[in-house]
Amino acid sequence: MLNKSEKDWREQLTPEQFEILRLKGTDAPFSGEFVDFDEKGVYSCAACGKRLFMSDTKYDSHCGWPSFYDVANSGSIELTRDSSHGMIRTEVTCKNCGGHLGHLFDDGPQDKGGKRYCINSTSLKFNRKQST
């Protein structure tokens, strides 16, 4: 895992990215860049560039945040129990840099495994698929 100081992260990230990725904040619902976004490509960690999600696993869950039913590579994320804010949830973090991405819920499309990775737009960057 990347080993950077909080000072280094503050210098690298925007204030909004630092709040979400390092301090475990949350985008306001329906405010993120990727909520109603449907281009083809790859979603990566905004902090370190690790590939996280493919656009073909993104779906509209009507929850206010980008939702995915699967990850690009199971080794790219880490799941941990989160009991903050009086709730018990599963936190999703980038395995490469430890950045907070969002949460995992079991209310996703049943025909796709039932998972909903509810991810903050601020924690993502998007790369369009190039024509071949």
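Residue positions within a chain follow its written sequence, with the count starting from 1. For this predicted model, a pLDDT threshold of at least 70 governs which residues receive local features, and a threshold of 80 or more governs which side-chain atom pairs are given and counted, while totals over whole chains, interfaces and linings are taken from all residues. With hydrogens and water set aside, each side-chain value is computed from the structure's full complement of heavy atoms.

**A word on helix α2 (residues 15–22)**
Piece 1. Relative accessible area decides the class of each residue, using a 1.4 Å probe on protein chains only: under 20% of the type maximum gives buried, over 50% gives exposed, and in between gives partly exposed. Helix and strand assignments follow DSSP, with helices taken as H or I runs no shorter than four residues and strands as E runs no shorter than two, numbered in order from the N terminus. Those residues of α2 that sit buried are Q17, F18, I20, L21 and R22.
Piece 2. When checking whether two residues touch, look at their non-hydrogen atoms; a contact exists if any pair is within 4.5 Å. If you follow the buried residues of α2, they end up packed against α1 (6–12), β1 (41–45) and β7 (100–105).
Piece 3. Within two residues after α2, K24 carries a phi angle of roughly 65°, on the positive side.

**Examining the pairing of strand β6 (residues 89–94)**
Piece 1. The element β6 is largely enclosed, with a buried count of 5 among its 6 residues.
Piece 2. Should DSSP find at least two bridges between two strands, the strands are taken to pair. As judged from the 6 bridges shared by strand β5 (residues 77–82) and β6, these two strands associate in the antiparallel manner. Its bridge partner lying in β6, L79 is registered against V92.
Piece 3. Linking β5 to β6, which pair antiparallel, is a turn of 6 residues; within it H85 sits at a positive phi near 60°.
Piece 4. When β6 meets β7, the two strands line up antiparallel, connected through 4 bridges. By the bridge assignment for β7, V92 is matched with G102.

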